[in-house]
Amino acid sequence: DAGRDQVDKYGQAAAVRGSAAVACWCIYWRHERRGSTLGVMALNLLKMCVGIDDVEQLERAHAARLDEARRQGREPRLVHRTRHTPRRAAEILDGGSLYWIIKRFVRVRQPIVAIERVVDGDGVRRCDLVLGHEWVRTEPQPRRPHQGWRYLEAADTPGDLAGDDPAHGLPPDLADNLRELGLL
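Here the residue numbering is sequential within each chain, running from 1 through the sequence in written order. Two thresholds apply to this predicted model, a pLDDT of at least 70 for residue-level local features and 80 or more for giving and counting side-chain atom pairs, whereas whole-chain, interface and lining totals are computed over all residues. As a rule here, side-chain values come from all non-hydrogen atoms in the structure, and water together with hydrogens is ignored.

Asks: Is there a simple way to explain the pattern of salt bridges in this structure?
Replies: Close approach of charged atoms allows side chains of opposite charge to pair. In the sections that follow, a salt bridge refers to a side-chain nitrogen of Lys or Arg positioned within 4 Å of a carboxyl oxygen of Asp or Glu. Counted by the stated rule, this structure contains ten salt bridges. For Arg71, the salt bridge goes to Glu68, with nearest N and O atoms at 2.7 Å. Residue Arg71 and its partner Glu68 are both found in helix α1 (residues 55–71); the two are separated by three residues, about one turn of the helix. Of the charged contacts, one joins Asp160 and Arg109 as a salt bridge, the two residues approaching to 2.8 Å between their closest N and O atoms. Pair noted here: Asp160 is in the loop between β8 (149–152) and α3 (172–180) and Arg109 is in strand β5 (residues 105–119), with a separation of 51 residues, a long-range link. Using a 1.4 Å probe on the protein chains alone, a residue whose accessible area is under 20% of its type maximum counts as buried, one over 50% counts as exposed, and one in between counts as partly exposed. Using a relative accessible area of 17% as the deciding quantity, one classes Arg109 as buried. Among the charged side chains, a network of salt bridges with common partners joins Arg88, Glu91 and Glu153. Helix and strand labels come from DSSP, where a helix needs a run of H or I of at least four residues and a strand needs a run of E of at least two; each type is numbered from the N terminus.

Take a look at the structure:
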C-alpha cells in the first residue's frame, strides 16, 4: 500500500514517514502471520510498565492514544519507543510479544507486529515497537525491576490466562496474595 514503506528482499528500506521531525527506517514488517518462518520458537520482550497500576489502566491509556490518532487523522497504531533496537528482531517478529510487568508481576502481553528504527526531532536514533491492538492476560509471574527491555525466551514466559480464571474480578493484589497462599 502507498502509505507503507517498501521493503527489499533483505527486509530493509529507507523512507520518510509522517512529520518532517521523525524519519523512519522500517527494518522489518510482517503484514500477515502465517506461522513460524524461522523454524524456532518466538522470542519475546519483557518491559516494566511504569506509572500503570493495573491492566485496565494500560488498556485505557492505549485506547486514548488510538482515539487521539484517529482524531488527528493519523493511522491508529500502538507504538512503544525505546532507545535500543533488538538485535534479534527477526526472532521477535516471528510471533513474539511484549510482556508488560505491572506492579512487580508480568500480567499481560501484546503481540509485536513491527520493529522500526526512527530518528527523532533531535537527531537521536530510537526504536519503535509497533504493538497489536489485543491484550492477552497472563498468569501473574513475579519479576524484579529493571531498566529498559529484556529478552524473554519462550520457555520462560508465563501462560495465558483462560477465560475461567478463578481470580477474574478480584483486585490484582488480593488475587496475588491468594495465589501465594495456594488458595487460587
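Asks: Where do I start with the nonpolar core in this structure?
Replies: It is characteristic of soluble globular proteins that their nonpolar side chains tend to be buried jointly. Within the largest apolar cluster, 21 residues are counted, with the highest numbers of intra-cluster contacts made by Leu45, Leu58, Trp100, Ile102, Ile112, Ile115 and Leu131. Setting aside residues up to four positions removed in sequence, Leu131 forms contacts with His62, Leu78, His80, Leu98, Trp100, Gln110, Pro111, Ile112 and Val113. Among the nonpolar cores identified, the runner-up in size contains six residues, and Leu46, Met48, Tyr99 and Ile101 belong to it. Buried residues of nine kinds, namely Ala, Val, Leu, Ile, Met, Phe, Trp, Tyr and Cys, make up a nonpolar core once their side-chain atoms join them within 4.5 Å. Should any heavy atoms of two residues lie within 4.5 Å, those residues are considered in contact.

Asks: Would you take a moment to explain the environment of Ile112 for this structure?
Replies: By the secondary structure assignment, Ile112 is in strand β5. Accessibility expressed as a relative area gives 0% for Ile112, which makes it buried.

Asks: Sorry if this is basic, but what is going on with the packing of aromatic side chains here?
Replies: Between two aromatic rings, the relevant description is the distance of the centres plus the angle of the planes. Stacked, edge-to-face and tilted labels apply to pairs of Phe, Tyr and Trp rings (six-membered ring for Trp) whose centres lie within 6.5 Å, assigned for plane angles under 30 degrees, over 60, and everything in between, in that order. Per the counting criterion, the structure on display carries one aromatic pair. A centroid spacing of 5.1 Å and a plane angle of 70° characterise the contact between Trp149 and Tyr151, whose relative ring orientation is edge-to-face. Lysine NZ or arginine CZ positioned within 6 Å of the ring centre and within 35 degrees of the ring normal marks a charge as sitting over the ring. Just above the ring of Tyr151 sits the side chain of Arg88; from NZ or CZ to the centre is 5.1 Å.

Asks: Just checking my understanding: could you explain the side chain of Glu116 for this structure?
Replies: Within the element layout of this structure, Glu116 appears in strand β5. A distance of 3.1 Å separates a polar atom in the side chain of Glu116 from a polar atom in the side chain of Arg77. Polar contacts, as counted here, are pairs of nitrogen or oxygen atoms within 3.5 Å of one another; within protein the pair requires one atom able to donate a hydrogen and one able to accept it, and residues that are adjacent in sequence qualify only if both atoms are side-chain atoms.

Asks: I would appreciate a short explanation of the pairing of strand β4 (residues 97–102) in the present structure.
Replies: Each regular strand carries side chains that alternate between the two faces of the sheet. Across the six residues that make up β4, a large majority, six, are buried. Of the two faces of β4, the one carrying Ser97, Tyr99 and Ile101 and the one carrying Leu98, Trp100 and Ile102 are both buried. Two strands pair under a simple rule: DSSP has to find at least two bridges between them. Bridging between strand β2 (residues 44–48) and β4 involves four bridges; their strand directions are parallel. Paired with Leu46 across the two strands is Tyr99, which belongs to β4.

Any functional reading would require information that these geometric values do not contain.
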